[in-house]
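Each chain, letter by letter, is given below.
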Amino acid sequence: MKVTVVGAGSWGTTVASLVAKRHDTTVWAREPGLAQQINDMHVNPLYLAGFSLPERLVATADLKTATETAQLLIIAVPSHGFRDVLRRACPHVPPWIPVISLSKGLEQGTLLRMTEIIRELLPGHPAAALTGPNLAKEILSGKAAATVVATEDLTVATALQEVLHRGLLRVYVNHDVIGCEIGGALKNVVAIAAGMAEGLGVGDNTRAAVITRGLAEITQLGTAMGGESTTFAGLTGMGDLLATCMSPQSRNRHVGERLGRGHRLDDVLGAMCSVAEGVRTAGVAVELGDRHGLPLPICHTIQHVIDGKLSARDAYEGLRNIPAGHEADPW
Ligand SMILES: NC(=O)C1=CN([C@@H]2O[C@H](COP(=O)(O)OP(=O)(O)OC[C@H]3O[C@@H](n4cnc5c(N)ncnc54)[C@H](OP(=O)(O)O)[C@@H]3O)[C@@H](O)[C@H]2O)C=CC1
Ligand SMILES: O=C(CO)COP(=O)(O)O
C-alpha cells in the first residue's frame, strides 16, 4: 500500500517510520531542507534528534507529489494548521481513500474535531482518528505501546488496524470517534494542570485529584457531545491522560510545570520548537462546555491562566475553593 503522512514533526515522522517498515511511505515536510535531510541522512534533527529513520522512508516538500498517488492519507499537522494543509492537499487526493487524523486538538472558532474537518473538506472519504497513550520518542525507540484507530465503520477500522499494527505497537479499534477525539484533545488541558501541580510542588494527592477530576470533565463533555462513557475509561481517555500527565516527555505537562514555577507563557512557548495543543484547546473546551451547560472548572481555570488572568498559584487556590458536592456532579 502507498501511504502518505502529511507533517514531519515528531509524531508524523514516528508514524511514517513505523508504517515504512511494511508499506511504501512518503512523508510531507513543510521545509524542503528537512525533506532533504530525511532523504539523504535519514534523520529529523529538529524534532527527533538522535534517532535514525528507515532508509526506505521518502520525504518531499511538494504536497501534490506527496498525495497524488496515496492509497491512505495520514494528517499529522497540529490542529491550528490542519484545515489549511488539508485544503491545499484536497485537489490532489485520489478518490475515496481513507484519511486518518493524528492531531489531538480541536479547531478554534468552529469547535470542530479533526475528523469533522476531514468530512467537510473530503466528503465521502472514510475519516478516522489514531489516538492513545503514544509519546513519540518512546515508540520510535522501540518501547511497546497501545493505540486506537477510531472510525464509525468497523470494517474500515479493521483494515486500518492491519496497516498500522506493528510488533510493539498494539492497535485497537473503536467505533466511538467522538469519545476518542475528545479524550485525546482534552487530556492536554488536564496535563497542563497536572504539570502546574508539579511546578508548584503542591503534592501528589493534589495532582491525583486534579487528574481524576480532569477525567470527570472530559467524560462529562465527551458524553454530552455524543461519546460513550466507556471510551473515557480506555486507552484514548484515562490511558492517554495518565501518560501525558505523568511523563516528563509531555509538552503539555512541561508548559504547566514551567507556569507553576512562575515562568511567563510566552517565554515557555517561545523556548519550545514543538506544539502543546492544550494551550489552544482549553478555550475551545470552555466554549463547548458553555454550549452543553457544563461548568468544566479545570478547563476554565487553565484558560484563565493562559489568558494571563490568573497565576498558576491563584489557579490552584481557586480550584480548592470550588464547593465539593456529590462526586458525580459536574463540579
Ligand atoms: N509527539 C507526540 O508524542 C504525539 C503528538 N500527537 C499529536 O500530533 C499532532 C502533531 O504533533 P507533533 O508531530 O508532536 O508536533 P511537532 O510540534 O513535533 O511538529 C509539528 C509539525 O507540524 C508542522 N506544522 C506546524 N504548524 C503548521 C501549519 N500551520 N501548517 C503546516 N504544517 C505545520 C510542523 O512543520 P514545521 O517544522 O515546518 O513548523 C511540524 O512538521 C498534534 O496534534 C499532537 O497533539 C499525538 C500523539 C503523540
Ligand atoms: O499525545 C501525546 C501522548 O499520547 C503527546 O503529548 P504531548 O503533546 O503533551 O507531548
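Rules used throughout
- Residues numbered from 1 in each chain as written.
- Chains lettered and ligands numbered in written order.
- Predicted model: local features only at pLDDT ≥ 70, side-chain atom pairs only at ≥ 80, totals over all residues.
- Buried ≥ 20, exposed ≤ 12 C-beta atoms within 10 Å, placed from the backbone.
- Helix = DSSP H or I, 4+ residues; strand = E, 2+ residues; numbered from the N terminus.
- Arc of directions from axis to C-beta.
- Core = buried A, V, L, I, M, F, W, Y, C linked by C-beta atoms within 7 Å.
- Domains from an automatic or database assignment.
- Contact = placed C-beta atoms within 7 Å.
- Near = placed C-beta within 6 Å.
- Nonpolar A, V, L, I, M, F, W, Y, C, P; charged D, E, K, R; others polar.
- UniProt positions renumbered as here; feature names shortened; annotations may be inferred.
- Pairing = 2+ DSSP bridges.
- Axes fitted to C-alpha atoms, helices over the stretch in contact; angles between N-to-C directions.

With that settled, the discussion passes to helix H15 (residues 312-321). Of the positions making up H15, those classed as buried are Ala312, Ala315, Tyr316 and Leu319. Considered in projection along H15, the buried side chains sweep an arc of 95° and stay on one side of the axis. Along H15, exposed side chains directed more than 90 degrees from the buried face belong to Glu317, Arg320 and Asn321.

This brings us to the nonpolar core. Counting 100 residues, the largest nonpolar core has Val6, Ile74, Ile75, Val190 and Ala285 as the members making the most contacts within it. For this core, the element with the most residues is helix H8 (residues 177-200), which contributes 15 residues. For this core, the two domains that each supply at least three residues are domain 1 (2-175) and domain 2 (178-321). If near-sequence neighbours (up to four positions away) are discounted, Val6 is found in contact with Trp28, Ala66, Leu73, Ile74, Ile75, Ala76, Val77, Val85 and Ala89.

A few words now on the site of ligand 2. All residues adjacent to ligand 2 are Lys104, Pro133, Asn134, Leu135, Asn188, Ala191, Asp240, Ala243, Thr244, Ser250, Arg251 and Asn252. Listed by contribution, the elements that provide at least two residues to the shell around ligand 2 are H8, helix H10 (235-246) and helix H11 (251-260). In terms of residue class, the shell around ligand 2 is made up of four nonpolar, five polar and three charged. In this structure, the shell around ligand 2 is formed jointly by two domains, domain 1 (2-175) and domain 2 (178-321), each of which donates at least three residues.

With that settled, consider unusual backbone geometry. Unusually for a residue other than glycine, His42 sits at a positive phi of about 60°. As for its placement among the helices and strands, His42 is situated in the loop between helix H2 (32-41) and strand E3 (58-60). Non-glycine residue Leu296 carries a positive phi angle of around 40°. You can see Leu296 is positioned in the loop between helix H13 (278-291) and helix H14 (297-306).

Take the site of ligand 1 next. Close contacts around ligand 1 come from 27 residues, with Gly9, Trp11, Arg30, Gly81 and Ala136 the closest. Among the elements of the structure, helix H1 (10-19) and helix H4 (79-89) are those that each provide at least two residues to the shell around ligand 1. The residue makeup of the shell around ligand 1 includes at least three contributed by each of domain 1 (2-175) and domain 2 (178-321).

For H10, the buried fraction is high: ten of the twelve residues fall into the buried class. Every buried residue belonging to H10 is among Leu235, Thr236, Gly237, Met238, Gly239, Asp240, Leu241, Ala243, Thr244 and Cys245, and all of these are buried.

Here the focus is the UniProt feature "binding site: NADPH" (unreviewed entry) in the protein. Those residues carrying the UniProt feature "binding site: NADPH" (unreviewed entry) are Ser10, Trp11, Arg30, Tyr47, Lys104, Ala136, Arg251, Val275 and Glu277 in this numbering. Judged by the 19 C-beta atoms lying within 10 Å of it, Tyr47 falls in the partly exposed class. Residue contacts for Tyr47: discarding those within four places in its chain leaves Gly9, Ser10, Thr13 and Ser274. Along the polypeptide, Glu277 turns up in the loop between helix H12 (265-270) and H13.

On to the sheet that holds E3, then. An order of E3-E2-E1-E4-E5-E6-E7-E8 is seen for the eight strands of this open sheet, with the pairing classed as mixed. A single partner strand is all that each edge strand has here, and the edge strands are E3 and strand E8 (169-174). Strand after strand, the sheet turns through a mean of 25° between neighbouring axes, direction not considered. Of the strands in this sheet, strand E6 (127-131), strand E7 (145-150) and E8 touch H8, which is tilted by about 40° from E6. Together, E6, E7 and E8 form the strand contacts of H10, whose direction differs from that of E7 by roughly 140°.

This brings us to the domain arrangement of the protein. Entries for the protein in the domain assignment read domain 1 (2-175) and domain 2 (178-321). Taking only C-alpha atoms, the centre of domain 1 and the centre of domain 2 are 25 Å apart. With 27 residues of domain 1 in contact, the opposing surface of domain 2 contributes 25 residues. Looking at the side of domain 1 that touches domain 2, the elements with two or more residues in it are H4, helix H5 (114-121), E6, E7 and E8. Ranked by residue count, the leading element in the side of domain 1 that touches domain 2 is E7, at four residues.

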